[in-house]
Structures are given as C-alpha cells and as structure tokens.
Amino acid sequence: MAVITCINDFKKIYERRVPRMFYDYAESGSWTEQTFRANTSDFADILLKQRVAIDMTGRSTATQMIGQDVALPVALAPVGMTGMQHADGEIKAARAAEKFGVPYTLSTMSICSIEDVAAHTEKPFWMQVYTLKDDDFMQRLFDRAKDAKCSAAVITVDLQMLGQRHKDLKNGLSAPPKPTLANMINLSTKWRWGLGMLGTKRRFFGNIVGHAKGVEDPSSLMDWTANAFDQALNWDRIRQFRKMWDGPLIIKGIIDPRDAKEALNVGADAIIVSNHGGRQLDGALSAIRALPAIMDAVGDKIEVHLDSGIRSGQDILKAVAMGAKGTYIGRSYIYGLGAMGEAGVTKTLEILQKEFDVSMGLCGRRSVKDLDRDILMIPKNFSGNWQD
C-alpha cells in the first residue's frame, strides 16, 4: 500500500478505483473548465510570510463556524451522488466528519437520504437545499431536515440552470450507471467499487425518490429533475425559504459583492463564496479571487466562508487569513472516500489539519483567531474589479 502524505496521493488511488463517469463527475468543470482550473491555481498566486524565533508552542486549529465548535475551519461540502463514489458514501463521510469534529453537509441530490444519515450518526449535520419550484417538496425537505435534527440549512443559489459539463453528457451520467457496453467494460475493472455496491440497497437519489410528487421510482426521476430547478428564482423567493427554516441559514454560491449584500438582507447567518467548483459559469472569477471584495463589502456584518479549490491545509490557511471564518472541501474528501471509504475521509482531514497547523506555526501564529492578511503576500491585481 502506497504511503499517503497529501491529497493528490488519494486522487491517484481514487481514479483507479471509481468508475470513470463518477470520477469525471467530480473531477471536471463546465465548458472549457477555465474556472475549474483557476479555483485551485489561483491559490498559488498568494504567498506566505515565514517568521522565525517566535514561540510556536501550544498551537490550536480549533475555531467556530456559525457558532459551532470545529476542530479545523473546514466543513465537508455538499456533493451530489456521493453514494456513487463509494457504497453508502454519505453515511461514511458523515461519520468521519463527526468523529473528527467538523460539519458534514448532505446534498439534496444524495444517494443516502436525510433519514439514512441521521440514523447512522450521533451528532447533527447540515442539510443543503436547492432552490426548486415545488413549494410542497421544499417545505417537506426543510421539515425532514428539522426532524433529523440538522443544525443548519445551506441554500444553494447558483444552480437555477445547469452549466454544460461535457464529460457528464458524454458519459451519460446516471445513478446507478446505465448498462451500456462502455460502462460495463469500465465497471469490470472496478471490482472494489462493485463489491461495495452489491452490499447496499442505496443506489438511487434517496431524498427525491418517494418524496417528490410524481417520483415514485427511479424511472421518473430524470423528467422531474429536468423541470425542478427554479429559473425564476429571486431574493423574495429566498425570503420564503428563510420562513420555512427557522434555524441557522447559510447561502452558498456567492461570487459578486452585490449578491453578498442581498444575502445579508434576507437574514442569512453566513454566506459561502463559491462558483460551484467551476461547474456553472465557466470564465467566472475563482472563489479565492472573489473573496477579498466580498470581505470588504460585508465581512464585518455576516460570517463569510469559502468553497471551491481547496486542496491543502495551506489553501485553508490562505482563505482564513483573508477573512473567511471557514472553508469547505468537496473534491478533496471525495478523493479519500473513493479511495478508502470512511478511513480515507478521516485521513484527508488529518492531512489537511497537519498542513494547516504546521504552516500556521511557520507563519508565527498559534491559533485561528490570530490569522490575518499580514501573513500573506497578495498580488495587487488579485481581487476582481467589480466596477469594470
């Protein structure tokens, strides 16, 4: 077994063990994938200032996100079809996050249902919700999250329509995979994955099938999905969702400071600076480049988090030093999950924590609250100019 020391080590194993369509689903963006690549590469433009002869003892990576204690300023991001990356993937990822001490966010488009995850965990998790047209489904989704004791709702606002993802279209992405010749040939080489899937009954969208009107079985799911997203979404509609959920509310998918201000006005407790991992508008600003302007606009009025592009503890450090109160990992933990299941997610978090902790110490800081832009060297033209 190879020695795993960084996230990229997991990615190599993940690619070997998971079917091509699900690897491509995670490891791709829309159109030319310019924004998908920029989300990670733009972190490299930010340099760290090393300090010496400063007491580095007694360091702590612990902090809070929306008032909840976390072992590291990280939450597991909502990732659709996680249960296709590894059998019962949502349950395994949620367990790993719970034991490590960071939040897990369950996607609406998960394979394991809200109830499944709640039955296999002991602590509350967060529930991600898409902005769908069906009021009855939305209300019941929020109610199910309340019944499951979810401690926060994350509303994704940047998916009114799907950005075109070439790989998903070419692969015929579906859950479970369709029995085409190409799929069967690829699946025959993924025996670990196949054995896991044979051992579970969770192979469909557990939060949708049997819960959405007209979706009583998987055969009717695609038609429902094609018409479910609300292209007429506006901030008044989001205010309606705020009334459906009386707990902590996080709005995900903010890139423009003007939208950050709107999220503040509807009563959100936090916002997530995110471009959906580069899977929506290709050519959009990377999340880390968008962060400074958003911090300047609303950072002292609402809690700001960052998602998209995190691949190391140093990425987390840079985002937090720029003002984010927390970050989200999606692909990074999916690599670990697909490679090694629950143990892979745990190892991913351990790697990120160690990288974050050591880098923080070498920058002369001992706690998350001590981090600020003074430890960074940021190019003058780094932040987007929203006036032009």
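What counts, and where the lines are drawn
Residues numbered from 1 in each chain as written. Predicted model: local features only at pLDDT ≥ 70, side-chain atom pairs only at ≥ 80, totals over all residues. Heavy atoms only, no water. 1 Å grid on protein atoms, 1.4 Å probe; cavity = no way out; pocket = protein on both sides within 12 Å on 5 of 7 lines; lining within 4 Å. Points joined across faces, edges and corners; volume = space filled by probe spheres on them. Helix = DSSP H or I, 4+ residues; strand = E, 2+ residues; numbered from the N terminus. Nonpolar A, V, L, I, M, F, W, Y, C, P; charged D, E, K, R; others polar. Contact = heavy atoms within 4.5 Å. Polar contact = N/O pair within 3.5 Å; in protein donor to acceptor, adjacent residues only side chain to side chain. Axes fitted to C-alpha atoms, helices over the stretch in contact; angles between N-to-C directions. Parallel < 35°, antiparallel > 145°, perpendicular 65-115°, else oblique. Left-handed = near helix turned anticlockwise from the far one by under 90°.

J.: Help me out: how do you make sense of the layout of surface pockets in this one?
T.: Any space left empty among the atoms is revealed by the rolling of a water-sized probe across them. In this structure, the largest pocket spans a volume of roughly 1,200 Å³. Lining the largest pocket are 48 residues; nearest its centre among them are Tyr25, Leu162, Arg165, Asp168 and Arg279. At the level of secondary structure, the elements contributing two or more residues to the lining of the largest pocket comprise helix H2 (20–26), strand S6 (126–130), helix H8 (166–171), helix H11 (221–228), strand S11 (326–329) and helix H16 (331–340). At four residues, the largest contribution of residues to the lining of the largest pocket is made by H11. In terms of residue class, the lining of the largest pocket is built from 22 nonpolar, 17 polar and nine charged.

J.: Please explain the environment of Glu90 as it appears in this structure.
T.: Secondary-structure assignment places Glu90 in helix H5 (residues 89–100). C-alpha separation for the pair Glu90 and Pro78, spaced 12 residues apart in sequence, amounts to 9.5 Å. Those residues in contact with Glu90 that lie beyond four places of it in its chain are Met81, Thr82, Gly83, Tyr104, Leu106, Ser110, Ile111, Cys112 and Val117. Reaching out from Glu90, the side chain makes a polar contact with the backbone nitrogen of Gly83 at a distance of 2.9 Å.

J.: Would you mind going over the packing of helix H15 (residues 313–321) against helix H17 (residues 342–362) with me for this structure?
T.: To describe two helices that pack against each other, one gives the angle between their axes and the distance between the axes. Where H15 contacts H17, the two axes come as close as 7 Å, and the packing angle between them is 55 degrees. With respect to H17, the element H15 is oriented oblique. At the point where H15 passes H17, the crossing takes the right-handed sense. Here H15 contributes Gly313, Gln314, Ile316 and Leu317 to the contact with H17, which in turn contributes Leu352, Glu355, Phe356, Ser359 and Met360. Its residues assigned to classes, the contact of H15 with H17 shows five nonpolar, three polar and one charged.

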